[in-house]
Structure formats: structure tokens, C-alpha cells
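Residue-level structural notes
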Amino acid sequence: MLNRLFMMLAAGAFLQVAAPGVLPLATPPGVASSADFDAWRTDFERRMKLAAHNETAIKQVMDGVAVDERVEKHLVTQAEFTKPLWSYVQDRLSKYSIDKGRASMAQNAALFSAIEARYGAPKEIVAAIWGMESGYGAFTGNIDAPAALATMAMHLDRRAFAERQLEALIAIVERNYATRAQLKGSWSAAMGHTQFIPTTYLERAVDWNGDGKKDFWSTPDDALAS
């Protein structure tokens, strides 16, 4: 059962990454000059102030942000675009992943059952997403999300997406949903146990355990429920 679900999920992920705003580069990558980056950042911050965002939050998110060369590399080596579909799927269907999925479901049985009861989401699908996105929380990402998005913004075909996500990060800090230090994730700024991009976090995040936070980073509860 989990084996088939992982295959379905991998195929879905392959299709999802081709959504508008997350397209492969139309032109070869190239690290922007310091002058170009600074000009963009100054203009972006100006527009965020005009949009009535809190200046302190803007400063927290944007201060010290620079182009991340790791992100530049991923922009042209993204597995969904560089591997055949079944190779992509099989890489994510190891016996370890499936065994870990079964163990994680057993360890969190009450949580999965409660989520399924409230939302109607099959526990196997929720577990498969968790495994696919972060290896059941084993690795949620170590790249600074603002830097990742600022790097993407240097590519015109990614800029609209990147700026929308950066604005969402400002809103997350502004509303005290997360600290600046927590804003780490994948090269594409997907964060936490279920690797939500910032706009999806704002749209979907819930405080499942009732502790007053929507914490995708420390525990799986809120992330899996969302």
C-alpha cells in the first residue's frame, strides 16, 4: 500500500513542480552582479514598505541576504527536470523509506488517526507526503529561505514567484508565526516537516496542538495537520 502511494506521490510531485512560477530556467544561470542584486533588493524593500509591511519585519528578513550559489546550482539540476520519471520515483522508494514510513505511522498512530478523523485525509497519504518531503522530519533543510528566494529573484522567469514568497516570509515574521532564525528550508524555500512554501504556510497552516504556534519546524503535529 505505502509502496503504491509513494509512487503516486512522486508522480504528483513531478507534475506539481511545473506549475506557473516554478518553471525551469529559460536562460542559463549566472550569479548577478553585486550592483544588480543591491538595486533589486533596494527596490523590493521599497515596494514592501509601500505595501504597508512592518519595516522591522522587512529589515529582519532582508538584512544580510545575499545570492546563494547552492541555489544557483539547484535551479538547473532540479531532479524533477533532469531525471526520467521512473528513475525519480525509484530513488524515493527504498526499503528504508518504506520501513521508516511504517514505523513513523506506528509511533504517531494517534496523531494520524485524529487528523484523518477531522479532515478525511487518509493517514497513508499524509505519511507519504511527510516521508517524501523531509524523510519523516529527518531533514527539513538548512538553506536560508530569504537568501534562496532572493537568489531566484535574480532570474526574471522566477522573479514573480520569488518576490511573492519573500513577501509571505515578511508576513510570517510580522505576525510572529516564526522567528527569523527558523526561516530555513530547501533550496526552493520550502520549510518544515512537510516543506510548505511561504504562501502555502500562510494559507494552510494550523495550530493543531493548541500551543499558540503554527510550528512546522520543531514537531510534526502542526505540519501534518496542515
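In what follows, the accompanying structure is described.

The rules behind each value
- Residues numbered from 1 in each chain as written.
- Predicted model: local features only at pLDDT ≥ 70, side-chain atom pairs only at ≥ 80, totals over all residues.
- Heavy atoms only, no water.
- Phe/Tyr/Trp six-rings, centres within 6.5 Å; stacked < 30°, edge-to-face > 60°.
- Helix = DSSP H or I, 4+ residues; strand = E, 2+ residues; numbered from the N terminus.
- Buried < 20%, exposed > 50% of the residue type's maximum accessible area, 1.4 Å probe, protein only.
- Lys NZ or Arg CZ within 6 Å of the ring centre and 35° of its normal.
- Salt bridge = Lys/Arg side-chain N within 4 Å of Asp/Glu carboxyl O.
- 1 Å grid on protein atoms, 1.4 Å probe; cavity = no way out; pocket = protein on both sides within 12 Å on 5 of 7 lines; lining within 4 Å.
- Points joined across faces, edges and corners; volume = space filled by probe spheres on them.
- Nonpolar A, V, L, I, M, F, W, Y, C, P; charged D, E, K, R; others polar.

What the rule picks out here adds up to 10 aromatic pairs. Consider the rings of Y201 and F216, whose centres lie 5.0 Å apart with planes at 70 degrees: the pair is edge-to-face. Of this pair, Y201 sits in helix α12 (residues 198-204) while F216 sits in the loop between α12 and α13 (220-225), and the two are 15 residues apart along the sequence. Just as Y201 is buried, F216 falls in that class too. Residues Y201 and W217 carry aromatic rings whose centres are separated by 5.8 Å and whose planes lie at 45 degrees to one another, so their mutual orientation is tilted. Linking Y201 in helix α12 with W217 in the loop between α12 and α13, this pair joins segments that are 16 residues apart in sequence. Members of the aromatic cluster, each reached through a chain of ring pairs, are Y177, F196, Y201, F216 and W217. The lysine or arginine in question, K214, covers the ring of Y177, its NZ or CZ lying 4.7 Å from the ring centre.

Okay, the pattern of salt bridges next. The full count for this structure, using the stated rule, is 9 salt bridges. The residue R41 makes a salt bridge to D38 at a minimum N-O spacing of 3.5 Å. Remark: D38 and R41 occur in helix α2 (residues 34-50); sequence separation between them is 3 residues, near one turn of the helix. A residue is classified by how much of its surface remains accessible, and D38, at 35% relative accessible area, is partly exposed. D63 serves as the salt-bridge partner of K59, at 2.8 Å between the closest nitrogen and oxygen. A cluster of three or more residues bridged by salt bridges with shared partners is formed by D43, R46, R47 and E163.

Our next topic: unusual backbone geometry. Even without glycine at this site, A52 takes up a positive phi of about 70 degrees. Mapped onto the secondary structure, A52 falls in the loop between α2 and α3 (55-62). Of note, Q195 is a non-glycine position whose phi angle comes to about 50 degrees, a positive value. By secondary structure assignment, the location of Q195 is in the loop between β2 (184-185) and α12. The class for Q195 is buried, based on a relative accessible area of 12%.

This next bit is on the layout of surface pockets. There is about 220 Å³ of room inside the second largest pocket. Lining the second largest pocket are 13 residues; nearest its centre among them are I129, F196, A223, L224 and S226. Counting only elements with at least two residues in the lining of the second largest pocket, the list comes to α8 (109-119), α9 (123-134), α12 and α13. Ranked by residues supplied to the lining of the second largest pocket, first place goes to α13 with 3 residues. Each residue belonging to the lining of the second largest pocket can be placed in one class, and the counts come to 9 nonpolar, 3 polar and 1 charged.

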